[in-house]
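A closer look at the structure
Now for the letters of each chain:
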Amino acid sequence: MSIVKSILSRRAFTALAGAAVIATAMPVTSFAADVTIPIIVKDTTSFYWQIVLAGARKAGKDLGVNVPELGAQAESDINGQISILENAVAGKPAAIVISPTEFKALGKPIDEAAKSVPIIGIDSGADSKAFKSFLTTDNVQGGRIAADGLAAAIKEMTGKEEGDIVILTNLPGVGSLEQRREGFLDQIKTKYPGLKVIADKYGDGQATTGLNMMTDLITANPNLVGVFASNLILAQGVGQAIAENKLGDKIKVIGFDSDDKTVGFLKDGAIAGLVVQDPYRMGYDGIKTALAVSKGEKVPENVDTGANLVTKANMADPKIDALLNPKIK
C-alpha cells in the first residue's frame, strides 16, 4: 500500500469512528422514541374524533413519540372509556391525553389516574382538578356563536329575529355540550327576546334519534323557524329531517362540527350554518403539551383552540376550507 493510500485509509477510519460517536451521543431521539403517550377519545368511529386522532398521530410522528389511539365505539359508552383509561395507566405511559365522555362519571377515574401519570384534557371537562393542562374550544362562546348565527339566518329568511326555536343536545351530562347549551340559551335570552325556545331536548347519542326527534318537532310545531343541534351526530339527523321534508327555506338549522354529510347539507341549504372547532389542533397540541409535561416543562393550564361559524357564503375561505377539509391520513 502506498503512503498516500495509507494516510487516506486512516482518515476514513477516523471519520467513521467520529460519526459513530456522534450517532451514539444523541439522547433526545432515543428518549422520544421510548416515550408513549396514549390519546383516549370519546368515539373512535366518529369523523370528528378521527380528526383529533389524526392531529395526535401527526404530533407523534413530528415529535418521535409513540401515540396509541384509544377510545370507545360510542360516546355513550362511559364505562368503556373508564376501563380504557385504567388499562392505559397500567401501561405506565409518560402521560395520557383524554376527552372525558361524561363530566361527573370520569371525575374520580381521572383523579385516580393522575396519581400515577400526568393527565392532559381535551375537548370536554370532567369533575376533576387533576388535569395538568386543558385544551378545548370555549364551548360557552361556541353556543353564543350558534345563537348569533341562528338569529342572523332567521332574520335573513323572515326579515326579523322572531319565532319559535328549539335546542337539541346529544347526551345529558356531557361537559362540552352543556356549556354550548348554556351559551346558546343565555345569548338568546340576552340578545334575541323575539326568539322563543319552545323545546329543549336531549338525545341518546344516535343520529337516527336526532332524525326522529326533528321529524316529531316539525309535525308538532308548524311555526318552528330555527334549530340548534349542538354536536355533529345531532346535526346529521336534524339536517336529514330538514332535507327529506324540503324545509330548508322555512326552518333554519345551526349545527356544531362538520363532516361530508353536514357540509353537503350546508351546500344544499338544509343547514344554514355550522360552528366548527379545530379538532386537528386539539389532538396535535394535546400530544405536544403532554410531552412537555412529561419532561417537567411548564405548560398553560387552559388553552382555547377556537371556533368559527361556517356558512355557505364563507365556506370557500382558505382558513375555513382547512377546517372543513382536514388531512386525516
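Residues numbered from 1 in each chain as written. Predicted model: local features only at pLDDT ≥ 70, side-chain atom pairs only at ≥ 80, totals over all residues. Heavy atoms only, no water.

The name an unreviewed UniProt entry assigns to the chain is ABC transporter substrate-binding protein, from the organism Rhizobium bangladeshense. Under Sequence similarities (unreviewed entry), UniProt gives the following word-for-word description of the chain: "Belongs to the bacterial solute-binding protein 2 family." Of the chain, the UniProt comment under Subcellular location (unreviewed entry) reads exactly: "Cell envelope". (UniProt positions renumbered as here; feature names shortened; annotations may be inferred.)

**Looking at the sheet that holds strand β2 (residues 69-71)**
Spatial strand order, β2-β1-β3-β4-β5-β11: six strands in an open sheet with parallel pairing. Among the strands making up the open sheet, the edge pair consists of β2 and β11 (302-304). Neighbour-to-neighbour, the strand axes of the sheet open up by a mean angle of 20°, direction not taken into account. Two strands pair when backbone bridges link them, and strand β3 (residues 96-98) and strand β4 (residues 119-122) are joined in this way by three bridges, in the parallel orientation. (Pairing = 2+ DSSP bridges. Helix = DSSP H or I, 4+ residues; strand = E, 2+ residues; numbered from the N terminus. Axes fitted to C-alpha atoms, helices over the stretch in contact; angles between N-to-C directions.)

**Topic: the pattern of salt bridges**
Counted under the stated rule, the structure contains eight salt bridges. Notably, a salt bridge pairs Lys42 with Asp123, separated by 3.4 Å at the nearest N-O pair. Of this pair, Lys42 sits in the loop between β1 (39-41) and α3 (47-63) while Asp123 sits in the loop between β4 and β5 (131-136); the two residues are 81 residues apart in sequence, bridging distant segments of the chain. The class of Lys42 is buried, set by a relative accessible area of 2%. (Salt bridge = Lys/Arg side-chain N within 4 Å of Asp/Glu carboxyl O. Buried < 20%, exposed > 50% of the residue type's maximum accessible area, 1.4 Å probe, protein only.)

**Some points on empty space enclosed by the protein**
Evaluation of the coordinates by the stated rule reveals two cavities of 30 Å³ or more. In this model, the largest cavity occupies a volume close to 130 Å³. Taken together, 15 residues line the largest cavity, and the ones lying closest to its centre are Tyr48, Trp49, Glu75, Asn231 and Asp257. Contributions of two or more residues to the lining of the largest cavity are made by α3, α7 (175-191) and α9 (232-244). Take the lining of the largest cavity: its biggest share by element is three residues, from α7. Here the lining of the largest cavity is built from residues that sort into six nonpolar, four polar and five charged. There is about 50 Å³ of room inside the second largest cavity. Lining the second largest cavity are Tyr48, Ile51, Asp257, Ser258, Val276, Gln277, Pro279 and Leu323. (1 Å grid on protein atoms, 1.4 Å probe; cavity = no way out; pocket = protein on both sides within 12 Å on 5 of 7 lines; lining within 4 Å. Points joined across faces, edges and corners; volume = space filled by probe spheres on them. Nonpolar A, V, L, I, M, F, W, Y, C, P; charged D, E, K, R; others polar.)

**Here's the deal with the sheet that holds strand β10 (residues 273-277)**
A sheet is described by the order of its strands in space; here six strands give the open sequence β7-β6-β8-β9-β10-β12, paired in mixed fashion. Where the open sheet ends on each side, the last strands, each with one partner, are β7 (195-202) and β12 (307-310). Strand-to-strand twist across the sheet, computed as the mean angle between neighbouring axes with direction ignored, equals 15°. Here strand β8 (residues 224-229) pairs with strand β9 (residues 252-256) via three bridges, running parallel. Note that in β9 the partner of Phe228 across the bridge is Ile254.

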